[in-house]
Amino acid sequence: MRRVSGLATISRAVPGAFATPAAASATHHRLVQAAVTSASSSHLFSQMIGGDRSAVAAPPAPYGFAGTVFFSAASSSLPQEAPPAEKLLPKDVVLYQYEACPFCNKVKAFLDYYNIPYKVVEVNPINKKEIKWSDYKKVPILNVDGEQMVDSSDIINKLVQRIDPGYPTSDADEESKWRGWVDNHLVHVLSPNIYRSPSEALESFDYITTHGNFSFMERLVAKYAGAAAMYFVSKKLKKKHSITDERAALYDAAETWVDALKGREYLGDSKPNLADLAVFGVLRPIRNLKSGQDMVEQTRIGGWYSRMEGAVGKPSAIKA
Ligand SMILES: N[C@@H](CCC(=O)N[C@@H](CS)C(=O)NCC(=O)O)C(=O)O
């Protein structure tokens, strides 16, 4: 059972700490994106590896992405501002992850959107040998030029300040509030949904074991034992988070998010902000599961989700 619970990667919905808010203006975002695009095309096009990794259909391991950001786009920045100082560019970014982990996908949505090149190490959830070197026993772990960063929201907070020191920060703004909602509410709705019934639990574990780092035998055992275990665990999680009807809670969360957009393309207005990236990131692993399909069919979230897919792009990565 200990081993099985180690496989239940999606069920670990631990709220993250928050710090970086951001009422980043559309202008600010445009500047960031412009710099990213120019930097990425000039430095890193050669590293681009194509790869469609839409949730279930994705190939087993990581892909990476190419690009690079880094510059200081302070509020006074002009579009023709010089590119970021070379010293701000991360040279080596490695993400230790589970492919189906919502927190890891949140970090990846950020890296992909900002075209930060990264390598991915798929961690075996049973023995975790790939992260034996670290005292932190969860994923994601991001190594940025040798510095270990942990906890998805903290990672994003640190990265955004590093690549874009002018990014507005405040604990009290709309962006911060919705990032908190992702970690404190949305993630808790996911597990009860993807393990709702025996068939959905099996579908989820088929995805997890197909895309995760398992040995042949682990994969066989985990698919069925994991699905069975998580079916029961999800009922406990439901209770713990006071969820009575898990699908209703998922639809409600999706509608709540659409309401938060107030008719805007993104929460960040004409460009996604960190809250858009967080919601998109945690939903991406479930999008092609039955729960994600139901969510898109039964709520108004589909339009925004498709825009996010376009804005973030298809993740591709370099396997470390
Ligand atoms: N607050 C953390 C939560 C991370 C987390 O709970 N990750 C899960 C995977 S989704 C994990 O590593 N659980 C421990 C395990 O699998 O043994 C974050 O936002 O990064």
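Residues numbered from 1 in each chain as written. Predicted model: local features only at pLDDT ≥ 70, side-chain atom pairs only at ≥ 80, totals over all residues. Heavy atoms only, no water.

A. Geometry of the overall build of the chain. Scanning the chain from N- to C-terminus turns up 11 helices and five strands. Residue burial in the chain is summarised as follows: out of 320 residues, 56% are buried. Surface accessibility of the chain: about 13,000 Å² in total, with carbon and sulfur atoms responsible for 57%. (Helix = DSSP H or I, 4+ residues; strand = E, 2+ residues; numbered from the N terminus. Buried < 20%, exposed > 50% of the residue type's maximum accessible area, 1.4 Å probe, protein only. Areas by Shrake-Rupley, 256 points an atom, 1.4 Å probe, with all protein chains shown as cover.)

B. The packing of helix α5 (residues 174-194) against helix α9 (residues 274-283), seen in detail. Between α5 and α9, the shortest axis-to-axis distance is 8 Å and the interhelical angle comes to 10 degrees. Accordingly, the angle class assigned to the pair α5 and α9 is roughly parallel. Side by side, α5 and α9 meet where Glu175, Trp178, Arg179, Trp181, Val182, Leu186, Val187 and Leu190 of the first sit next to Leu274, Ala275, Ala278, Val279, Val282 and Leu283 of the second. Of the residues belonging to the contact of α5 with α9, the class tally is 12 nonpolar, no polar and two charged. (Axes fitted to C-alpha atoms, helices over the stretch in contact; angles between N-to-C directions. Parallel < 35°, antiparallel > 145°, perpendicular 65-115°, else oblique. Contact = heavy atoms within 4.5 Å. Nonpolar A, V, L, I, M, F, W, Y, C, P; charged D, E, K, R; others polar.)

C. Structural context of the sheet that holds strand β3 (residues 141-144). The sheet built from five strands is open, its strands ordered β4-β3-β1-β2-β5 with mixed pairing. Strands with a single pairing partner mark the edges of an open sheet, and in this sheet they are β4 (147-150) and β5 (318-319). Together, β1 (93-97) and β3 form the strand contacts of helix α3 (residues 102-113), whose direction differs from that of β1 by roughly 155 degrees. (Pairing = 2+ DSSP bridges.)

D. Region of the structure containing the confidence of the model for the chain. Predicted confidence across the chain gives a mean pLDDT of 78, with 72% of residues reaching 70 or more. Segment residues 1-85 is flagged for pLDDT under 50; beyond a separation of four residues in sequence, or across chains, it makes 233 contacts in the model. (pLDDT = per-residue confidence, 0-100.)

E. Highlighting the pattern of salt bridges. Following the criterion strictly, the structure yields 16 salt bridges and no others. Two residues, Glu200 and Arg196, come together in a salt bridge whose shortest N-O distance is 2.9 Å. In this structure Glu200 comes out as buried when scored by relative accessible area, which is 3%. Salt-bridge contacts for Asp259 lead to Arg300; the nearest nitrogen and oxygen are separated by 2.8 Å. With Asp259 in helix α8 (residues 246-261) and Arg300 in the loop between α10 (290-298) and α11 (302-312), this residue pair connects regions lying 41 residues apart in the sequence. Looking at Asp259, the relative accessible area reads 48%, which means it is partly exposed. One continuous salt-bridge network, built from bridges that share partners, spans Arg196, Glu200, Arg247, Lys290 and Asp294. (Salt bridge = Lys/Arg side-chain N within 4 Å of Asp/Glu carboxyl O.)

F. Quick look at helix α7 (residues 216-240). Its 25 residues give α7 an end-to-end C-alpha distance of 34 Å, which sits within 8% of 36 Å, the value for a rise of 1.5 Å per residue. A maximum bend of about 35 degrees is found in α7 at Ala222. The set of residues buried in α7 consists of Glu218, Ala222, Lys223, Gly226, Ala227, Ala229, Met230, Ser234, Leu237 and Lys238. Downstream of α7 by a residue or two, Ser242 has a phi angle that is positive, lying close to 55 degrees. (Expected span 1.5 Å × (residues − 1). Bend = angle between axes of the 7 residues up to and from the residue.)

G. Fine view of the nonpolar core. If you look at the biggest cluster of nonpolar residues, it comprises 77 residues, and the most contacted ones within it are Phe110, Leu111, Leu142, Trp257, Leu283 and Trp304. Among the domains, domain 1 (21-168) and domain 2 (174-312) are the pair contributing at least three residues each to this core. What Leu142 contacts, discounting residues up to four positions off in sequence, is Val93, Val94, Leu95, Leu111, Glu147, Gln148, Met149, Ile155 and Leu159. (Core = buried A, V, L, I, M, F, W, Y, C linked by side-chain atoms within 4.5 Å. Domains from an automatic or database assignment.)

H. Up close: the pairing of strand β2 (residues 119-122). As defined by bridge partners, β1 adjoins β2 across four bridges and the pair is classed as parallel. By the bridge assignment for β2, Leu95 is matched with Val120. Taken together, β1, α3 and β2 constitute a β-α-β crossover, and its handedness is right-handed. Sheet topology places β2 next to β5; two bridges connect them, and they run parallel. (Right-handed = clockwise from strand over helix to strand, strands pointing away.)

I. Representation of a nonpolar patch on the surface within the structure. On the surface, Phe216, Met217, Leu220 and Val221 cluster together into a nonpolar patch covering about 440 Å² of accessible area. Relative accessible area serves as the criterion here: at 63%, Phe216 is assigned to the exposed category. (Patch = residues over 30% accessible without salt bridge, like charges linked within 9 Å, V, L, I, M, F, W, Y side chains within 5 Å.)

J. Seen up close, α5. If you check α5, its first and last C-alpha atoms are 29 Å apart, about what 21 residues at 1.5 Å a residue would give, namely 30 Å. Most of α5 is tucked away: 17 of the 21 residues are buried.

K. Expanded view of the packing of aromatic side chains. Under the criterion given, the structure shown has 11 aromatic pairs. Centre to centre, the rings of Phe110 and Tyr114 are 4.8 Å apart; their planes meet at 45 degrees, and the pair counts as tilted. With 5.7 Å between their ring centres and 35 degrees between their planes, Tyr195 and Phe205 make a pair best called tilted. Of this pair, Tyr195 sits in the loop between α5 and α6 (198-211) while Phe205 sits in helix α6, and the two are 10 residues apart along the sequence. You can call Phe205 buried: its relative accessible area is 0%. An aromatic cluster of at least three residues, connected via ring pairs, comprises Trp178, Trp181, Trp257, Phe280, Trp304 and Tyr305. Over the face of the ring belonging to Tyr305 we find Arg287, whose NZ or CZ atom lies 5.7 Å from the ring centre. (Phe/Tyr/Trp six-rings, centres within 6.5 Å; stacked < 30°, edge-to-face > 60°. Lys NZ or Arg CZ within 6 Å of the ring centre and 35° of its normal.)

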